Amino acid sequence: MADLRINLAGIESPNPFWLASAPPTNTGYQVQRAFEAGWGGAVWKTLGDPIINTSARFAAVHFGGRRVAGFNNIELITDRPLEVNLREIAETKKRFPGHAIIASLMVEPKREKWHEIVKRVEEVGVDGLELNFGCPHGMAERGMGAASGQQPDLVEAQTMWVKEAARMPVIVKLTPNITDITATAAAAVRGGADAVSLINTINSLAGVDLDTWNTVPHVGGRGTHGGYCGPAVKPIALNMVAECARNPEVGVPISGIGGISDWRDAVEFMLMGATGVQMCTAVMHHGFRIIHELVEGLNDYLDDKGIAGVSELVGRSVERYSDWGALDLNFKVVARIDTDTCISCNKCHIACEDTSHQCIERHTAADGSAYLKVREEDCVGCNLCSIVCPVDGAIEMVELPGLAAPMSWNQRQTALAELGSAEPKENDTKEAV
């Protein structure tokens, strides 16, 4: 058995799987059931002034026969009194002292408000604090959540105010609804953040009902933008985690969030720099029991790789992630079709002919059967044919090594600049004459 324990900025957990601050962490009953099932930690649903939520509040995007490919919600922070939440946090921590409990907090951007709630929450024995600077709806209209999280100066100031009063590690939860998430991540670090978590939900509208013309969801015939999450946002979240992990101005542990559905997703986030992960939509879809598959799958993966502890995964792929200008422009792959595996559905030919580089040709074998072949000299290695192919292994992307020395765009521009400076100028030529 591999060691699945993590330590995120001083917050210890028996495994890297935490419940994100969301409906599954709304009560002590729920969090205790989750810990009994095997979850390593939970970020309590955001605490603040009691809120009145709406009905209805959730919607889902189903795609290609898959239910809940994306999830949209317009629910706000906890609608339960702070005193009740604090009592249940204390009870839960007493029952499960070895599990991580992090309190998610959101108040007005005022120093005294942050000091007050931090002191009250820390009295009940939480392991850390998560500042919710990401909620994109409802709270943002009141100057909180994403309204704060989109302004680096406010992120820095509020983090600093919290650190003035906090004894526990402080995690800053970042909004993806911004041009450059590293700007706010760096601001959080300047304010004293011990870690960052990302991403929060993305501004979204799930859909429109074509019969009633109401938005989905709607509240009495009126809708609003909500927060989008679930498997569909994973690539966006993974990129933002990677950008923060490779940015030297961030340099603090990361709690990865966004579309994580299974142990494989979790490993990807850890390889790109996350110390641990938080999950919500998959739990709302399938329940707390998925933790068994998460733990078992992660443990088997580590054993297969000969890795003793999960912490050894953290950041191992970050150095392989860079700006486009650092990519080798002379690296070459081409597509090759395995005619024994190919089912002749022609999807690759159609995709290449209509939307790519017209380099897949139909041929006729000696026995009269048809087959497809790639004209490799014209193949640009775009991967499209292998992506649309419904048969695993039928199309392989093959590297053609040694065609030319590696050369990135940045190197090319440097070489051109050096070549230009080496050429004789007009004045130099006249002087020489």
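Before any of the text, the structure's been laid out above.
Residues numbered from 1 in each chain as written. Predicted model: local features only at pLDDT ≥ 70, side-chain atom pairs only at ≥ 80, totals over all residues. Heavy atoms only, no water.

Caption draft 1: Representation of a nonpolar patch on the surface. Together, Trp324, Leu327, Leu329 and Trp409 make up an exposed nonpolar region whose accessible area comes to about 420 Å². Within the secondary structure, tryptophan 409 sits in helix H13 (residues 409-422). (Patch = residues over 30% accessible without salt bridge, like charges linked within 9 Å, V, L, I, M, F, W, Y side chains within 5 Å. Areas by Shrake-Rupley, 256 points an atom, 1.4 Å probe, with all protein chains shown as cover. Salt bridge = Lys/Arg side-chain N within 4 Å of Asp/Glu carboxyl O. Helix = DSSP H or I, 4+ residues; strand = E, 2+ residues; numbered from the N terminus.)

Caption draft 2: Up close: the pattern of salt bridges. Under the criterion given, the structure shown has 17 salt bridges. Measuring nitrogen to oxygen at the nearest pair gives 2.7 Å for the salt bridge that ties aspartate 127 to lysine 93. Highlighted residues: aspartate 127 in the loop between helix H3 (111-122) and strand E8 (128-133) and lysine 93 in helix H2 (residues 82-95), separated in sequence by 34 residues. Accessibility expressed as a relative area gives 13% for lysine 93, which makes it buried. A single network of salt bridges, built from pairs that share partners, joins Lys234, Asp265 and Glu268. (Buried < 20%, exposed > 50% of the residue type's maximum accessible area, 1.4 Å probe, protein only.)

Caption draft 3: Geometry of the nonpolar core. Counting residues in hydrophobic clusters, the biggest one holds 86 residues, and the most contacted among them are Trp39, Leu129, Leu198 and Leu298. The greatest single-element share of this core, amounting to six residues, is contributed by helix H7 (residues 234-245). When sequence neighbours within four positions are dropped, the list of residues in contact with leucine 298 reads Leu4, Pro16, Phe17, Trp263, Val267, Met270, Val310 and Leu313. Counting 14 residues, the second largest nonpolar core, distinct from the first, contains Val334, Ala335, Val374 and Ala394. (Core = buried A, V, L, I, M, F, W, Y, C linked by side-chain atoms within 4.5 Å. Contact = heavy atoms within 4.5 Å.)

Caption draft 4: The arrangement of the packing of aromatic side chains in detail. Inspection of every chain in the model, using the stated rule, returns four aromatic pairs. When the centroid spacing of 6.1 Å and the interplanar angle of 85 degrees are considered together, the rings of tryptophan 114 and phenylalanine 133 count as edge-to-face. Taken together, the residues span a long stretch of sequence, with tryptophan 114 in helix H3 and phenylalanine 133 in strand E8 at a distance of 19 residues. Using a relative accessible area of 1% as the deciding quantity, one classes tryptophan 114 as buried. (Phe/Tyr/Trp six-rings, centres within 6.5 Å; stacked < 30°, edge-to-face > 60°.)

Caption draft 5: The environment of asparagine 200, seen in detail. Structurally, asparagine 200 can be placed in the loop between strand E10 (195-198) and strand E11 (202-204). In the structure, asparagine 200 is positioned 179 residues away from serine 21 in sequence and 9.8 Å away in space, judged by C-alpha atoms. Only 3.3 Å separates the side chain of asparagine 200 from the side chain of asparagine 132, close enough to count as a polar contact. Looking at asparagine 200, its side chain comes within polar contact range of the side chain of threonine 201, at 3.4 Å. (Polar contact = N/O pair within 3.5 Å; in protein donor to acceptor, adjacent residues only side chain to side chain.)

Caption draft 6: Structural context of helix H11 (residues 347-355). Buried within H11 we find Cys348, His349, Ala351 and Cys352. Taken down its axis, H11 places every buried residue within 165 degrees of arc, on the same side. Within H11, the exposed residues directed more than 90 degrees away from the buried face are Asp354 and Thr355. As for H11, its buried residues are in contact with strand E17 (333-337), strand E18 (360-364), strand E19 (370-374), helix H12 (384-388) and strand E20 (395-399). (Arc of directions from axis to C-beta.)

Caption draft 7: Looking closely at the sheet that holds strand E4 (residues 41-47). A barrel is described by the order of its strands in space; here eight strands give the closed sequence E3-E4-E7-E8-E9-E10-E15-E16, paired in parallel fashion. The mean angle between the axes of side-by-side strands here comes to 25 degrees, regardless of whether they run parallel or antiparallel. Relative to E10, strand E9 (residues 170-174) is paired through three bridges, and the arrangement is parallel. What sits directly across from valine 172, in E10, is valine 196. (Pairing = 2+ DSSP bridges. Axes fitted to C-alpha atoms, helices over the stretch in contact; angles between N-to-C directions.)

Caption draft 8: Just the state of the cysteines, in detail. A full pass over the atoms with the stated rule returns zero disulfides. Cysteine cysteine 280 remains unbridged, with the sulfur of cysteine 229 as its closest cysteine sulfur at 5.6 Å. Lacking any disulfide linkage, cysteine 389 is separated from the closest cysteine sulfur, that of cysteine 345, by 6.0 Å. (Disulfide = S-S within 2.5 Å.)

Caption draft 9: How the structure looks around the packing of H7 against helix H8 (residues 263-271). One way to put it is that H7 packs onto H8 with a least axis distance of 9 Å and a crossing angle of 25 degrees. The orientation of H7 with respect to H8, classified from their angle, is roughly parallel. When H7 is examined against H8, the residues Lys234, Ala237, Leu238 and Val241 are found in contact with a partner set consisting of Asp265, Glu268 and Phe269. For the contact of H7 with H8, the class distribution of residues is four nonpolar, no polar and three charged. (Parallel < 35°, antiparallel > 145°, perpendicular 65-115°, else oblique. Nonpolar A, V, L, I, M, F, W, Y, C, P; charged D, E, K, R; others polar.)

Caption draft 10: Examining the pairing of strand E14 (residues 226-229) more closely. As defined by bridge partners, strand E6 (residues 66-73) adjoins E14 across three bridges and the pair is classed as antiparallel. From the neighbouring strand, asparagine 73 faces E14, where its bridge partner is glycine 227. By the bridge criterion, three bridges tie E11 to E14 in an arrangement that is antiparallel. Following the sheet pairing, asparagine 203 is matched in E14 by glycine 227.

Caption draft 11: Molecular detail of the sheet that holds E6. Spatial strand order, E5-E6-E14-E11: four strands in an open sheet with antiparallel pairing. Bordering the open sheet on either side are strand E5 (58-63) and E11, each of which pairs with just one other strand. Taken over all neighbouring pairs, the strand axes of this sheet differ in orientation by 45 degrees on average, direction set aside.

Caption draft 12: Focus on H2. The end-to-end C-alpha distance of H2, which contains 14 residues, comes to 20 Å, matching closely the 20 Å that a straight helix rising 1.5 Å per residue would cover. Inspection of H2 places Leu82, Asn85, Leu86, Glu88, Ile89, Thr92 and Lys93 among the buried residues, and these make up the whole buried set. The buried residues of H2 occupy one face: seen down the axis, they fall within an arc of 165 degrees. Its buried side turned inward, H2 meets helix H1 (28-37), E4, strand E7 (100-105) and H3. (Expected span 1.5 Å × (residues − 1).)

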